[in-house]
Protein chains: 2
Amino acid sequence: MTTAPSLFAFAAGNEGTWRIRSMAPVIGDMLAPAERLSMAPASSAQIGDGCGGWRLQGLISNIRYATSSELTSLRRVQEPLGRPAARCAALIPIRKSAAWWALAQDERRAIFEETSHHTAVGLAYLPAVSRQLFHCRDLGEPFDFLTWFEYAPEDASAFEALVAKLRQTAEWTYVEREIDIRLDR
Amino acid sequence: MTTAPSLFAFAAGNEGTWRIRSMAPVIGDMLAPAERLSMAPASSAQIGDGCGGWRLQGLISNIRYATSSELTSLRRVQEPLGRPAARCAALIPIRKSAAWWALAQDERRAIFEETSHHTAVGLAYLPAVSRQLFHCRDLGEPFDFLTWFEYAPEDASAFEALVAKLRQTAEWTYVEREIDIRLDR
């Protein structure tokens, strides 16, 4: 059972649990470079605005594409965030084009899964990579989604393979801004 | 082609284009009574917070259930808001249960359309009734949706039939708060 959507903030600056190892533009404008990043519920006092970097917000919302059987498969194998061994993370903010958002639900679903196999591809990398999707298009944020991944250093090459596969899909032709931020703790 | 989601505000108090004729709780808590209502883009200077009533916000976002063929049918017959003859309006804020939001996309779609025929029922009342859906669940608002309808006085009974039909559907068993506000101008 989901509860109300919960808002999270990603604040980059000179403090935070996560050290930013790299920031790379995949497509579109970059974000300002920063040293560290904190990630916490937006209501949390931990996150200040005065850290001199940038702040992105997104919320855990209801599932938009996955079917009941796909959710069952995902829930059977996925691991939560915060595993002690998962010392590597990636934050990948993405914005999709107006053409994507103008599509009907069945058209977006067909590109997302039947053509691009987004869930099926992701499933192959569970439970090594744990992840959480944060929605932000409806919040007036500069991105539509913030995707957050955590994995152990020994699973880094699996994570690279996952990201590379998704970027080759038909779904990704609708991505008009993407930044790849890698972190560790 | 859709553009970015656009935020609208509904402010009730003692001013506004629309006169509130009635406010009825369908299920759950009521809103405070008010005399008039204004509806405008949230960025608009027309809408003040100091009118002593309540203010709800919602945004026009991407389509969540309709298929391409359903959208084509809708777009062929629907009329825009603001028709001079459409002097009657209804604002129906709705909140659905946690059980609804925990369902997978295919489960929600099946209840919404294959079982409850939400789009098909609505289509039968076009073009007489024009409407716009505003999303607000992800904004932390007290409702998940604000639905706004406009129709001419001579179409009032058709509108009553539409609302009655939707309230009898399986989809509506997931509605845990609903208020029916009728207005004219």
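Report follows, based on the coordinates. These numbers come from a predicted model, not from an experiment.

1. Considerations on the packing of aromatic side chains
Residue and element names in this part refer to chain A.
Part 1: Taken as a whole and judged by the stated rule, the model has 20 aromatic pairs over all chains.
Part 2: Ring centres 5.3 Å apart and planes at 80° place the aromatic pair Trp18 and Trp148 in the edge-to-face group. Of this pair, Trp18 sits in strand 2 (residues 18-27) while Trp148 sits in strand 7 (residues 145-151), placing them 130 residues apart in sequence. The exposure classification of Trp18 matches that of Trp148, with both residues buried.
Part 3: Ring plane angle 15° and centroid distance 4.5 Å describe the contact between Tyr151 and Phe159, whose orientation is recorded as stacked.
Part 4: Owing to a relative accessible area of 1%, Tyr151 belongs among the buried residues under this scheme.
Part 5: Pairwise contacts between aromatic rings join Phe8, Phe10, Trp18, Phe134 and Trp148 into one cluster.

2. Observations concerning the interface of chain B and chain A
Part 1: Contacts between the two partners involve 27 residues from chain B, matched on the other side by 27 residues from chain A.
Part 2: Taken together, the two surfaces of chain B and chain A that pack against each other cover about 2,300 Å², and 50% of this comes from carbon and sulfur.
Part 3: Linking chain B to chain A there are two salt bridges.
Part 4: With a closest N to O distance of 2.9 Å, A:Asp138 and B:Arg64 form a salt bridge.
Part 5: For the pair chain B and chain A, the interface holds 12 residue pairs in polar contact (both at pLDDT 80 or more).
Part 6: Of all the secondary structure elements, the ones that give two or more residues to the side of chain B that touches chain A are helix 1 (68-77), helix 2 (98-101) and helix 3 (105-115) of chain B.
Part 7: The element best represented in the side of chain B that touches chain A is helix 3 of chain B, accounting for four residues.

Thresholds, definitions, all that
- Residues numbered from 1 in each chain as written.
- Chains lettered and ligands numbered in written order.
- Predicted model: local features only at pLDDT ≥ 70, side-chain atom pairs only at ≥ 80, totals over all residues.
- Heavy atoms only, no water.
- Phe/Tyr/Trp six-rings, centres within 6.5 Å; stacked < 30°, edge-to-face > 60°.
- Helix = DSSP H or I, 4+ residues; strand = E, 2+ residues; numbered from the N terminus.
- Buried < 20%, exposed > 50% of the residue type's maximum accessible area, 1.4 Å probe, protein only.
- Contact = heavy atoms within 4.5 Å.
- Buried area = accessible area lost by both parts, 1.4 Å probe.
- Salt bridge = Lys/Arg side-chain N within 4 Å of Asp/Glu carboxyl O.
- Polar contact = N/O pair within 3.5 Å; in protein donor to acceptor, adjacent residues only side chain to side chain.

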